[in-house]
Structures are given as C-alpha cells and as structure tokens.
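Commentary on secondary and tertiary structure
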Amino acid sequence: MEISLRNQVAVVTGASSGIGSGIAKSLASAGAAVIVNHSSERSLDEAQAVLKEITDAGGNGITYQCDVSREDQVIKMFQDTVSQFGTVDILINNAGIQKDSKFTEMTLDQWNAVIGVNLTGQFLCAREAIKEFLRRGIDPSRSIACGKIIHISSVHEIIPWAGHANYAASKGAVRMLMQTLAQEYGADKIRVNSICPGAIQTPINKDAWSTQEALSSLLSLIPYNRIGQPQDIGNLAAFLASDLADYITGTSIFVDGAMTTFESFSTGG
Ligand code: BGC
C-alpha cells in the first residue's frame, strides 16, 4: 500500500514553519507539487528553506506570499497557482495564529486578528479551492475525488481554553465549516476533513515546551507522554489527501497523544 499524490497540486497555507512545514514536506514526498504559502516578507526565508528541503529531496513546488485573511490576496494566490500548475487538487487550510489574553482584557484587534486568519482565512481559501475543483471536475488520472480540503483545527475545537477565547472560538467554528462543506459538496465528490492536533512542538506554543518545567506541566496533559512533532500531522495529512482515504469525509481526526481523554481524570473524578 503506497500513499501517492502523484500528478496533484497542493496549496498549504502557513507552510513556512511549524505544522504547515511538516505537512508541505509530507505531501511533496508523496509526489504532490506544493505551494508553500507564507504570510509576509518576514517569513520568506523560512518558506524558501522549506522549499529547498522539498526540492533537494526530488520534490516540486514554489513559495507564495499571501495573507489568507485578505480576500484579494487569496483570490490571486489561487489564480496564480492555476495558471502555473494547471489546477489545485488539495488545500491544506493550516495558517493559524494565537493572540492570547484574559477574556475581559481581550481587545477587538486580538479577537479580529485570530478570527481573520483562523476562520475567515479558511473560508476564503476553501471557497477558491472548491470553485477550482468544480471547474476542473473529476480527473481519474489525478484522483478519484474531485478535490480534497483538510482543515487544520485543534483539540480546542472541543476543549474549552481559558485565556484563549478567540482561538477556541475560531477552532469550534472551523469544525462546523468543515462539516457543512462536506455535506454541501459531498455529491460533487469533494472530501473535506479536519485534523485536530494536540500539543505539537512548534513556534506557536514555544512557551509550553521550551523550559523543563513548562514541558513537564504540558506532559501531565498528555497520556502518551510525549509532545507531538509536525511529522505526526504530516503523515496523516498525506494519507487523508490520498485516494486511500476516499470514504473519509466530514470528520475530525484528533492527533493528540490522547489529550482529549482528559488526563486529569486518570486519578479521580
Ligand atoms: C495550540 C497550542 C497548544 C495545543 C494544545 C494548539 O491548538 O495552538 O498552543 O499547545 O493546542 O493545547
């Protein structure tokens, strides 16, 4: 059994670091051409380093700067991708940010920034991707599905998170976005799923693993007793995007070392 994404084109948002970079490399190693999206000029070097790893390993792709919360930029990213690569087969809606704050001190800017990238960004990219999937139609030389969308959500689509109301609200909403799209476009053979990572060792949660003390406290929330790696998410993303997962749509898959079993209940309750 081989996971193959040969002849397919994948847009991976927020691919210059963290989970997105892991996914970009996994999809490329399964044969997809990858659009390594990054949000700003500042992340260009990182995106180029990800692309270099991909091409050094024999893969194919480009870097592409686009702020996913901006409609004009998202539309252009999809137009440019289609003119350069012919179409898009896979969207990994990964770009995400945190702007943490106690709720009563949360500013509207913090709220809007997180909802803008984590939710509106996923809406805009999914809309442009689905339009392109429908325009192309099913092409069995690429995939038996018309297109695949994978939303990168979080364990916080079901675990409430004090001090992170904007983030948890965005991820709860992503779950409904994903399920609604799977329902609305199922008959068109477009598959839509979410991956819900737990604690993955990336820049977004550096404070939670960069000291021994923080790491021990984090591990106390994870029955499997290790922090996740971007590759753990990349492995599933490649499988979910492939035809091996053709009957999987409309679901959230948690990759979290059993964080969602609520470890604190293991000794009481
Ligand atoms: C957050 C991380 C956090 C993890 C588990 C993720 O969605 O971005 O900061 O460590 O959830 O709580």
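Before any of the text, the structure's been laid out above.
So, a few notes on the structure that sits alongside this text. (Residues numbered from 1 in each chain as written. Predicted model: local features only at pLDDT ≥ 70, side-chain atom pairs only at ≥ 80, totals over all residues. Heavy atoms only, no water.)

**Description of the nonpolar core**
Filter applied, for reference: Definition used in this section: a nonpolar core is a set of buried Ala, Val, Leu, Ile, Met, Phe, Trp, Tyr and Cys residues joined via side-chain atoms within 4.5 Å. Accessibility here uses a 1.4 Å probe with only protein chains present; expressed as a share of the type maximum, an area under 20% marks a residue as buried, one over 50% as exposed, and anything in between as partly exposed. Only DSSP runs of H or I reaching four residues or more are called helices, and only runs of E reaching two or more are called strands; each is numbered from the N terminus.
Of all hydrophobic cores here, the largest spans 31 residues; its most connected members are Ile 23, Leu 27 and Ile 195. Elements represented by at least two residues in this core include exactly strand S1 (9-12), helix H1 (18-29), strand S2 (33-38), helix H2 (44-56), strand S4 (90-93), strand S5 (147-152) and helix H7 (230-241). It is H7 that contributes the most residues to this core, 6 residues altogether. Core analysis: the next-biggest nonpolar cluster, separate from the first, contains 29 residues, Val 11, Tyr 64, Val 88 and Ala 129 among them.

**Description of the site of the ligand**
Our working definition: By convention in this text, a residue qualifies as near a molecule or strand provided that one of its non-hydrogen atoms is within 4 Å of it. For this analysis, a polar contact is any N or O atom pair within 3.5 Å, provided that within protein one partner can donate a hydrogen and the other can accept it, and provided that sequence-adjacent residues contribute only side-chain to side-chain pairs. The Shrake-Rupley method, run with a 1.4 Å probe, gives the accessible areas here. Residue values count only the displayed protein chains as cover. Three categories are distinguished: nonpolar for Ala, Val, Leu, Ile, Met, Phe, Trp, Tyr, Cys and Pro, charged for Asp, Glu, Lys and Arg, and polar for the others, with Gly belonging to the last.
Taken together, the neighbourhood of the ligand is formed by Gln 98, Ser 154, His 156, Trp 161, Tyr 167, Gly 198, Ala 199, Ile 204, Asn 205 and Met 259. Separating an oxygen atom of the ligand from a side-chain N or O atom of Tyr 167 is a distance of 2.6 Å. For the ligand, the protein covers 89% of the area, taking 310 Å² as the surface of the free molecule. The residue makeup of the shell around the ligand, split by class, is 5 nonpolar, 5 polar and no charged.

**A short note on the side chain of Asp 256**
Note the cut-off: Charged residues are defined narrowly, with Lys and Arg counted positive, Asp and Glu counted negative, and His plus the chain ends left uncounted. Salt bridges are identified by distance alone: a Lys or Arg side-chain nitrogen within 4 Å of an Asp or Glu carboxyl oxygen. The criterion used for residue contact is that any of the two residues' heavy atoms lie within 4.5 Å.
Checked against the element boundaries, Asp 256 lands in the segment after strand S7 (252-255). It is Arg 226 that comes nearest to the buried, bridge-free Asp 256 among opposite-charge side chains, at 10 Å. A distance of 2.5 Å separates the side chain of Asp 256 from the side chain of Thr 260, its partner in a polar contact. Setting aside chain neighbours within four positions, we find Asp 256 in contact with Val 155, Gly 198 and Ile 222.

**Details of the pairing of strand S6 (residues 190-197)**
Cut-off, in case you're wondering: By the convention used here, strands pair only if DSSP detects at least 2 bridges between them. Seen with the strands pointing away from the viewer, any crossover whose path from the first strand over the helix to the second strand runs clockwise is right-handed.
The buried fraction of S6 amounts to 8 of the 8 residues, a majority that puts the element mostly inside the structure. Going residue by residue along S6, you find Ile 190, Val 192, Ser 194 and Cys 196 tucked away on one face and Arg 191, Asn 193, Ile 195 and Pro 197 tucked away on the opposite face as well. In this structure, S5 lies alongside S6, joined through 6 bridges in parallel fashion. Residue pairing across strands places Ile 152 opposite Ile 195, the latter belonging to S6. Between the parallel pair S5 and S6, the chain is carried across by helix H5 (residues 165-185), and the sense of this crossover is right-handed. Inspection of the sheet shows S6 paired to S7 by 4 bridges, in the parallel sense. Paired with Cys 196 across the strands is Phe 254, a residue of S7.

**With respect to the packing of H1 against H7**
When two helices pack together, you describe them by how their axes are tilted relative to each other and by the distance separating the axes. Formally: To define axes, lines are fitted to C-alpha atoms, for helices over the stretch in contact only, and angles between the resulting N-to-C directions are given on a 0 to 180 degree scale. Orientation labels follow simple angle bins: below 35 degrees gives roughly parallel, above 145 gives roughly antiparallel, 65 to 115 gives roughly perpendicular, and whatever is left gives oblique. Crossing handedness follows the turn of the near helix against the far one: under a right angle anticlockwise gives a left-handed crossing, and clockwise gives a right-handed one.
Closest axis-to-axis distance for the H1/H7 pair is 8 Å, and the angle between their directions is 45°. By the angle between their axes, H1 is oblique relative to H7. Along this stretch, H1 crosses H7, giving a crossing that reads as right-handed. On H7, the residues that touch Gly 18, Ile 19, Gly 22, Ile 23, Ser 26 and Leu 27 of H1 are Pro 230, Gln 231, Ile 233, Gly 234, Asn 235, Ala 237 and Ala 238. A breakdown of the residues in the contact of H1 with H7 according to their chemical character gives 7 nonpolar, 6 polar and no charged.

**Some remarks on the pattern of salt bridges**
According to the stated counting rule, one finds 14 salt bridges in the structure shown. As a salt-bridge pair, Arg 127 and Glu 71 come within 2.9 Å of each other at their nearest N and O atoms. Of this pair, Arg 127 sits in helix H4 (residues 108-136) while Glu 71 sits in helix H3 (residues 71-85), and the two are 56 residues apart along the sequence. The residue Asp 80 makes a salt bridge to Lys 76 at a minimum N-O spacing of 2.8 Å. Separated by 4 residues within a single helix, Asp 80 and Lys 76 lie in helix H3, roughly one turn from each other. For Asp 80, a relative accessible area of 26% translates into the label partly exposed. Here Lys 76 falls in the partly exposed class, since its relative accessible area comes to 44%. Here the residues in one salt-bridge network are Glu 71, Arg 127, Glu 128 and Lys 131, joined through shared partners.

**Digging into the pairing of S5**
S5 sits mainly inside the fold: 6 of its 6 residues count as buried. Running through H4, the crossover from S4 to the neighbouring parallel element S5 is right-handed.

**Details of unusual backbone geometry**
At Lys 189, a residue that is not glycine, the phi angle is positive and equals roughly 65°. Considering the arrangement of structural elements, one finds Lys 189 in the loop between H5 and S6. One non-glycine residue, Ala 258, adopts positive backbone phi at about 75°. Along the chain, the position of Ala 258 falls in the segment after S7. For Ala 258, a relative accessible area of 27% gives the class partly exposed.

Without other data, these values stay purely geometric and don't point to any function.
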